[in-house]
Amino acid sequence: MDISVVIPLLNEEESLNELYDWIAKVMQSNHYSYEILFIDDGSTDNSWKVIEKLSEKDNNVKGIRFQKNYGKSQALNAGFKKVTGDVIITMDADLQDSPDEIPELYNLIKKDNFDLISGWKKKRYDSKIRKNIPSKLFNAAARKTSGLKLHDFNCGLKAYKNEVVKNIDVNGEMHRYIPVLAKNAGFVNIGEKVVAHQARKYGVTKFGIDRFINGFLDLITIWFLSKFGKRPMHLFGLLGTIMFIIGCTFAFYLGIDKLFLNPSGRLITQRPQFYMALVTMIIGTQFFLAGFLGEIILRTKTDTKRYNISSKINC
């Protein structure tokens, strides 16, 4: 199969028929073999009924329905496990991503041998204060932290080699950082393409300003995981050892001073160095134990189920 299109959605019943028609037209005019996989992330409208009707008239349409809303990352994770195409295209269901971009994205993966192509919505139709400015700040921080020179990490329109989506684990709210996850997994041929951004035609956005706050917190998480996720003792053990040595140094100094240099001076407990020594040794011990426990958890953890699927179509 040439292309799998993965579309996570939440309450997008108005746009689904139009989006399907647009994708099918692009696929058929380019003679691609394809599948369209809709992942209904707990919609409360008639989105699933629309998907069922689409699947009845076209066997290329597939669907996964979550028991409740688990988030975009979990929806993408479920979709990535099911798709079989050589190239996987992800896009949002709100018609702000243009299916006309698919042929060029496909060629960049198949002919130019990119592992991943991330869309860049250079010209946007979103609110400048609520989305554009926070997005620029977020992307600047992501570039600095990850080392990837992408302008739009969070663009929903992306293209991947099949082996990329099969070797990354998208969880929590890490869909914003899929290029970083791919890089950490060893897929370094990552590019970018300017894509059209359409004004929202139906409904309202499902994301508020809080997504950028969460995004920055997730950025710290993924930075930590990329550097120390497999070896937490290297960070916490090092910090703990440094803190403990500092504390022991103060304690040794206080002991020498009291025993040999100034026996008649103030009591040790009346000197600020005593409390500095005590606090740093306690913190150092806690850091060391945190690293030790992290190593134990890594070696004993088992995969947990992150979402429940209530229905499937053609999957």
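Predicted, not measured: the structure shown is a model, and the values here were computed from it.

### Side note on empty space enclosed by the protein
Stage number 1. In this structure the tally under the stated criterion is one cavity of 30 Å³ or more.
Stage number 2. The calculated volume of the largest cavity comes to roughly 70 Å³.
Stage number 3. Surrounding the largest cavity, K72, L76, T90, F153, N154, C155, G156, K158, Y160, H175 and I178 form its lining.
Stage number 4. Contributions of two or more residues to the lining of the largest cavity are made by α3 (72-82) and β6 (158-161).

### Some thoughts on the environment of D40
Stage number 1. Relative to the helices and strands, D40 resides in strand β2 (residues 34-40).
Stage number 2. Relative accessible area serves as the criterion here: at 1%, D40 is assigned to the buried category.
Stage number 3. Through-space distance from the C-alpha of D40 to that of T280 is 51 Å; in sequence the pair is 240 residues apart.
Stage number 4. Beyond its immediate sequence surroundings of up to four residues, D40 is in contact with L9, S47, W48, I51, I64, R65 and F66.
Stage number 5. Of the polar contacts made by the side chain of D40, one reaches the side chain of S43; its length is 2.6 Å.

### What to know about the nonpolar core
Stage number 1. Ranked by internal contacts, the top residues of the largest apolar core, which has 37 residues, are V5, I7, F38, I89 and M91.
Stage number 2. Within the residue set of this core, elements represented by two or more residues are β1 (3-9), α1 (13-29), β2, α2 (47-57), β4 (87-90) and α4 (102-110).
Stage number 3. Examining the composition of this core, we find that eight residues originate from one element, α1, more than from any other.
Stage number 4. If we ignore the near neighbours within four places in the chain, the residues touching F38 are I7, L9, L16, L19, I51, L54, V61, K62, G63 and I64.
Stage number 5. Among the nonpolar cores identified, the runner-up in size contains 33 residues, and I64, L150, Y160 and A182 belong to it.

### Concerning the pairing of β2
Stage number 1. Burial of β2 is extensive: seven of the seven residues sit out of reach of the surface.
Stage number 2. Burial along β2 is two-sided: the face carrying Y34, I36, F38 and D40 and the face carrying E35, L37 and I39 are both buried.
Stage number 3. In this view, the connection linking β1 to its parallel neighbour β2 by way of α1 has right-handed handedness.
Stage number 4. For β2 and strand β3 (residues 61-66), the ladder comprises five bridges, and the chain directions are parallel. Across the sheet, the residue bridging to I36 is V61, located in β3.
Stage number 5. In terms of handedness, the path from β2 via α2 over to β3 forms a crossover that is right-handed.

### Points about the sheet that holds β4
Stage number 1. On the basis of which strands lie adjacent, the open sheet formed by eight strands has the order β7-β5-β6-β4-β1-β2-β3-β8 and mixed pairing. Sheet topology places β7 (190-194) and β8 (309-313) at the edges, where each strand pairs with a single neighbour. Averaged over all adjacent pairs, the angle separating strand axes in this sheet is 15°, with direction ignored.
Stage number 2. Relative to β7, strand β5 (residues 116-120) runs parallel, the two sharing five bridges. Looking across to β7, one finds that I117 is bridged to G191.

Reading the values: the criteria
Residues numbered from 1 in each chain as written. Predicted model: local features only at pLDDT ≥ 70, side-chain atom pairs only at ≥ 80, totals over all residues. Heavy atoms only, no water. 1 Å grid on protein atoms, 1.4 Å probe; cavity = no way out; pocket = protein on both sides within 12 Å on 5 of 7 lines; lining within 4 Å. Points joined across faces, edges and corners; volume = space filled by probe spheres on them. Helix = DSSP H or I, 4+ residues; strand = E, 2+ residues; numbered from the N terminus. Buried < 20%, exposed > 50% of the residue type's maximum accessible area, 1.4 Å probe, protein only. Contact = heavy atoms within 4.5 Å. Polar contact = N/O pair within 3.5 Å; in protein donor to acceptor, adjacent residues only side chain to side chain. Core = buried A, V, L, I, M, F, W, Y, C linked by side-chain atoms within 4.5 Å. Right-handed = clockwise from strand over helix to strand, strands pointing away. Pairing = 2+ DSSP bridges. Axes fitted to C-alpha atoms, helices over the stretch in contact; angles between N-to-C directions.

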